[in-house]
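Observations on chain architecture
Below are the chains, spelled out letter by letter.
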Amino acid sequence: MTIEEYISIHSTPENEVLASITRDTHVHILNPHMLSGHVQGRALSMFSHMIHPSRILELGTFTGYSALCLAEGLSENGHLITIEHNDELEGVIRRNLARSPLGEKIELIIGDAKEILTCPSSLIRQEQFELVFIDADKREYCEYIELVYPFVPVGGFILADNTLWDGHIIDPAYDKDKQTLGLRAFNEKVRDDHRFEKVILPLRDGLTLIRKIR
């Protein structure tokens, strides 16, 4: 038994809807490893329950698994907005969200997160999000955190996924890989940014917890 297997069997199981999304993603979707998965999904749910936000913003939906996990901790009238750039996944995402009653609390937007978050007419610009989950293009994490910063109140949280990048973050063999370089730049930026408290958890391939303090 591996330590990952031990952690999995000692964590709350994923529900039937999430288990079904996991199976379908691995059978029908390219790069199924991008799915948050059981243990990280339970962690996202736990963080969301701790914060109990009324508004959540997610950058990068993939097949909807993480959005449903995060939505578990929303307040009674809470709302989650998730943005996915790959329009080919739209049908899959909508079907998956519709499998759960929590799907009614989730709004899917298909498009470029950078364009949506900077569009003067976007209704998102009128929102405040107590919790933001960044799990999109790794090369653009530095831009994403600046874009979401104004929408997060002091005391709010930003979670950034894949920040250890399967160990590539410290592997010289990836010194020319653009996604690795993007994540290295992001980790250094967050480390040196006094607007945030932060900690990297070695969960899956790295999850950074960031709290806005000013």
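For the structure given in this document, a descriptive report is provided here. On a predicted model such as this, the values are computed, not experimentally measured, just so you know.

**Considering the environment of I169**
Inspection of the secondary structure assignment puts I169 in the loop between β5 (157-161) and α8 (178-192). If sequence neighbours within four positions are ignored, I169 has contacts with T163, L164, T180, L183, R184 and N187.

**Topic: the packing of aromatic side chains**
Throughout the structure, instances matching the rule amount to three aromatic pairs. Plain terms: the ring middles of Y141 and Y144 are 6.3 Å apart, the flat faces sit at 55° to each other, and that makes the pair tilted. Note that Y141 and Y144 are positioned in helix α7 (residues 141-148) at a spacing of three residues, about one turn of the helix. Each member of the pair, Y141 as well as Y144, is classed as buried. Their ring planes at 80° and their centres at 5.9 Å tell us that Y149 and F196 sit as a pair that is edge-to-face. Taken as a pair, Y149 in the loop between α7 and β5 and F196 in strand β6 (residues 196-201) lie far apart in primary sequence, 47 residues in all. In this structure, Y149 and F196 share a single accessibility class: buried. Put simply, the rings of Y141, Y144 and F186 pair up and form one aromatic cluster. Across the ring face of Y149, the terminal group of R195 is positioned such that the distance to the ring centre comes to 4.2 Å.

**Considering the pattern of salt bridges**
Tallying each qualifying case throughout the model produces 15 salt bridges. Of the charged contacts in the structure, one is a salt bridge between D137 and R139, with a shortest N-O distance of 2.8 Å. For D137, a relative accessible area of 22% corresponds to the partly exposed category. With a closest N to O distance of 2.9 Å, R211 and E197 form a salt bridge. On the criterion of sequence distance, the pair formed by R211 in strand β7 (residues 207-212) and E197 in strand β6 is long-range, its members being 14 residues apart. Overlapping salt bridges bring together E146, K189, D193 and R195 as one network.

**Let's talk about the nonpolar core**
Membership of the largest hydrophobic core comes to 30 residues, with the highest contact counts inside it found for L57, L59, I83, L117 and I158. Going through the elements one at a time, β1 (55-59), β2 (79-84), α6 (113-118), β4 (131-134), α7, β5 and α8 are the ones with two or more residues in this core. Ranked by residues supplied to this core, first place goes to α7 with five residues. The residues contacting L57, other than those within four sequence positions of it, are I81, I83, L117, F129, L131, V132, F133 and V148. Y65, L97, L203 and L209 belong to the second-largest nonpolar core, a separate cluster that totals 29 residues.

**A short note on the environment of R191**
For R191, the location among the structural elements is in helix α8. Look at R191 and you get exposed, because its relative accessible area is 55%.

What counts and what doesn't
Residues numbered from 1 in each chain as written. Predicted model: local features only at pLDDT ≥ 70, side-chain atom pairs only at ≥ 80, totals over all residues. Heavy atoms only, no water. Helix = DSSP H or I, 4+ residues; strand = E, 2+ residues; numbered from the N terminus. Contact = heavy atoms within 4.5 Å. Phe/Tyr/Trp six-rings, centres within 6.5 Å; stacked < 30°, edge-to-face > 60°. Buried < 20%, exposed > 50% of the residue type's maximum accessible area, 1.4 Å probe, protein only. Lys NZ or Arg CZ within 6 Å of the ring centre and 35° of its normal. Salt bridge = Lys/Arg side-chain N within 4 Å of Asp/Glu carboxyl O. Core = buried A, V, L, I, M, F, W, Y, C linked by side-chain atoms within 4.5 Å.

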